[in-house]
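# Architecture at a glance
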Amino acid sequence: MINLLKKVYRLNKRAFNEYKSKDLLHPKTGISERERKRLQNYPPFTEGKVNLFGKPIYFTDAAGFLHSLDEIFADEIYKFTTDRDDPYIIDCGANMGLSILYFKKLHPKSKIIGFEPDENTFDVLQKNTLEYSDSVKIHKEAVWTENTELTFFSEGSLAGSTVVDFSNKNDTKKVRAIDFKKYLDQKIDFLKIDIEGAENQLIFDIKDHLVNVNKLFLEYHGIIGETQNLGNILNLLTDEGFEYYIRLAGETINYPFCDEKPVSFNQQLNILCYRKK
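Since we're looking at a predicted model, the values are computed, not measured. Chains are numbered independently. Their residues run from 1 in the order of the written sequence. Confidence filtering applies because this is a predicted model: local features only for residues at pLDDT of at least 70, side-chain atom pairs given and counted only at 80 or more, and all residues used for totals across whole chains, interfaces and linings. Only hydrogens and water are set aside when side-chain values are computed; all heavy atoms of the structure are taken into account.

### Description of the confidence of the model for the chain
Looking at the chain, the pLDDT average stands at 91 and 92% of residues meet or exceed 70. Within the model, pLDDT remains below 50 along residues 15-20, and this stretch shows one contact once partners closer than five positions in the same chain are excluded. Confidence of the predictor at the level of single residues is given by pLDDT, which spans 0 to 100. Every residue pair with non-hydrogen atoms within 4.5 Å of one another is taken to be in contact.

Right, here's the structure in full:
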């Protein structure tokens, strides 16, 4: 009888510990297993709120939020070192603001400019970065080669674009676009460009200004139906004094030798660029 009671006690204790562990915050992502499960079951493309490291953070799409959370906070794809106490960072494609929150966690005294053209996403970005309004300036604009107005395909999560209708919803709106070169006339410690295909034109337009950029994160999207220009971009980066490291950002074709047609982009790569020592 005593042995039976001990066994029941051990089983109950283990069950209790497993139950409690689901509420423990992950040291990198700042959310618990239970909260992750809730978000995984959250209706797609529906706005909501989550506590991240004990603070309320808003999102436009739970799946997109979790993807960004893992990529940015767990994998730390934007992690960089600097000799400056207050590095200057430009975030093109700031989306809901997780990248900016990561930069502020990594370098608390950093000064950041963020760009996000989608109106709904910008509203969420604004709420998520409000506490840093003294050192973070955000703009509801697309970065481009000139001051103009562009047609924007709104996707509701991470893939809003001025180039590709990723969701095939034909949900378009006009957005303000600015000549990005004027923001590159000073030293920039870290420049992030993740603008869903528009980088294919922008990077060539800002070529002569990249001398001011120390580290560059560029997400490359190969546009279906257009000539691939990855080689030209890599040559440009080399000419401007960068070394680069390439990682797969998303699998777009599983069997390229079998006439498989990509749905979104024919390539999606993260290109991490840094200066030669």
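### Comments concerning the environment of leucine 216
In DSSP terms, a helix is any run of H or I states spanning at least four residues, a strand is any run of E spanning at least two, and both are numbered starting from the N terminus. With respect to the element layout, leucine 216 can be found in strand β10 (residues 213-223). Throughout this description, buried means an accessible area under 20% of the type-specific maximum (1.4 Å probe, protein chains only), exposed means over 50%, and partly exposed covers the range between. Overall, the relative accessible area of 1% leaves leucine 216 in the buried class.

### Observations regarding the pattern of salt bridges
For this analysis, a salt bridge means a side-chain nitrogen from Lys or Arg found within 4 Å of a carboxyl oxygen belonging to Asp or Glu. Counted according to the given criterion, the structure contains 15 salt bridges. Between glutamate 35 and arginine 38 there is a salt bridge, with its nearest N and O atoms 2.8 Å apart. Note that glutamate 35 and arginine 38 are positioned in helix α2 (residues 33-40) at a spacing of three residues, about one turn of the helix. Of the residues examined, arginine 38 reaches a relative accessible area of 33% and is grouped as partly exposed. In this structure, aspartate 85 and lysine 109 form a salt bridge, with 3.2 Å as the shortest nitrogen-oxygen distance. Highlighted residues: aspartate 85 in the loop between α3 (62-74) and β3 (88-92) and lysine 109 in the loop between α4 (98-106) and β4 (111-115), separated in sequence by 24 residues. Overlapping salt bridges, with partners in common, bring together Arg84, Asp86, Lys111 and Asp189 in one network.

### A few points about the packing of aromatic side chains
Note on aromatic contacts: the rings of Phe and Tyr and the six-membered ring of Trp form a pair at centre separations within 6.5 Å, being stacked when their planes are under 30 degrees apart, edge-to-face when over 60 apart, and tilted otherwise. Under the definition given, this model contains 14 aromatic pairs. Among the aromatic side chains, those forming a connected cluster through ring pairs are Phe53, Phe73, Tyr78, Phe80, Tyr102, Phe103, Phe190 and Phe217. Geometrically, a lysine NZ or arginine CZ counts as sitting over a ring once it is within 6 Å of the ring centre and also within 35 degrees of the ring normal. Over the face of the ring belonging to tyrosine 58 we find lysine 127, whose NZ or CZ atom lies 4.3 Å from the ring centre. Across from the ring centre of phenylalanine 242, 3.9 Å away, lies the NZ or CZ of arginine 275, which sits over that ring.

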